[in-house]
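# Chain and residue survey
Residues per chain, in single letters:
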Amino acid sequence: MKDKLIKPVFKSEIKAQITTIGSIEDNIQEVQDFALKLNEYYSKLVFTKDTLKEAGDEKAEVNKFKDKVKKFKKEIVDEYNKPIDNFKELCDTTVALLEDTYTTINNQVKAFDEKTIAEYAEIIRAYFDEYAKSKKIDFVKFEDMNFKVLKGSLTESKNLTKKTKETIEKFIDKIVDDIKLINSQQYVDEMMIEYKKDLNVSRTIADVNNRHIELEKARKEKESKKEQELTDKEMINKIDECLTTPKVEKQEEVLELSFKVRGTREKLKLLKQFLENGGYDYE
């Protein structure tokens, strides 16, 4: 048997404060006072050969003092900052751990919410399918409605809220009205095929009607072109009949024939060329 999980509780208040300010025991101020006096002394001293050696030794001593002060500065400051550095590191690691803990809790909450929403979606889908079936609509799915399932879509007892039911019924009822409108049109079967693509009845009716307008226009153009071709063929036959002259033993009779010709520019050019090549007198 697994041990029961015991949730840890933080009973204290988070706090951080400086309890005491550390003090540093030193005589650096005395060194500073000495440096000021020594600087003033040498600024007024008139150098001679006798004082030159003493000044050289004094420079070396001043450098020693300077190095010692710099060394103490680093050592004391580092030591003084150690508690602060430790505190900063402790805070940083604690913040990182708290962030990780938040993520763990948040992922658990998110997983639970997703599971709950999925359960709610199945309940809502069942009502959608039932209502669609009652209206004899069998070509739409719950996903077609783009309904966003929320925790508030159902009551605490996991029943659909009034708003959720009304949203579903309004969606299905509109489809019923759209189908009635399509059934009043001329091209019902074709419009139903188009309508099922996106459930947009306005686009469906406009697209199908415009398509048939274009088809009728193309049909008339095709028939007109066919009639024109027949007319051109008849014209050529008549010309052939007119150009067929009876044979006369002695002298051929010259006849005159008047007719109107219709045809494309290219065909009329060919007719003119035919008449000229044949030596016909024409107007």
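What you are looking at is a predicted structure, and each value in this text was computed from that prediction instead of being measured.

### Notes on the packing of helix α3 (residues 162-183) against helix α4 (residues 188-198)
It is the contact of α3 with α4, at a shortest axis distance of 9 Å, that shows an interaxial angle of 150°. Comparing the axis directions of α3 and α4 gives the class roughly antiparallel. Crossing handedness for the pair α3 and α4: right-handed. Here I175, D178, I179, I182 and N183 of α3 come into contact with α4, specifically with V188, M191, M192 and Y195. Along the lines of polarity and charge, the residues of the contact of α3 with α4 split into seven nonpolar, one polar and one charged.

### Considering the pattern of salt bridges
Taken as a whole and judged by the stated rule, the model has 16 salt bridges. Note that R203 and D207 form a salt bridge whose closest N and O atoms lie 2.7 Å from each other. Placement of both R203 and D207 in helix α5 (residues 201-243) is noted, with a separation of four residues, approximately one turn of the helix. Taking relative accessible area as the criterion, R203 reaches 22% and is therefore assigned partly exposed. Its salt-bridge partner being R219, residue E216 comes within 2.3 Å of it at the nearest N-O pair. Here E216 and its partner R219 are both found in helix α5, three residues apart, which amounts to about one turn of the helix.

Criteria and cut-off values
Residues numbered from 1 in each chain as written. Predicted model: local features only at pLDDT ≥ 70, side-chain atom pairs only at ≥ 80, totals over all residues. Heavy atoms only, no water. Axes fitted to C-alpha atoms, helices over the stretch in contact; angles between N-to-C directions. Helix = DSSP H or I, 4+ residues; strand = E, 2+ residues; numbered from the N terminus. Parallel < 35°, antiparallel > 145°, perpendicular 65-115°, else oblique. Left-handed = near helix turned anticlockwise from the far one by under 90°. Contact = heavy atoms within 4.5 Å. Nonpolar A, V, L, I, M, F, W, Y, C, P; charged D, E, K, R; others polar. Salt bridge = Lys/Arg side-chain N within 4 Å of Asp/Glu carboxyl O. Buried < 20%, exposed > 50% of the residue type's maximum accessible area, 1.4 Å probe, protein only.

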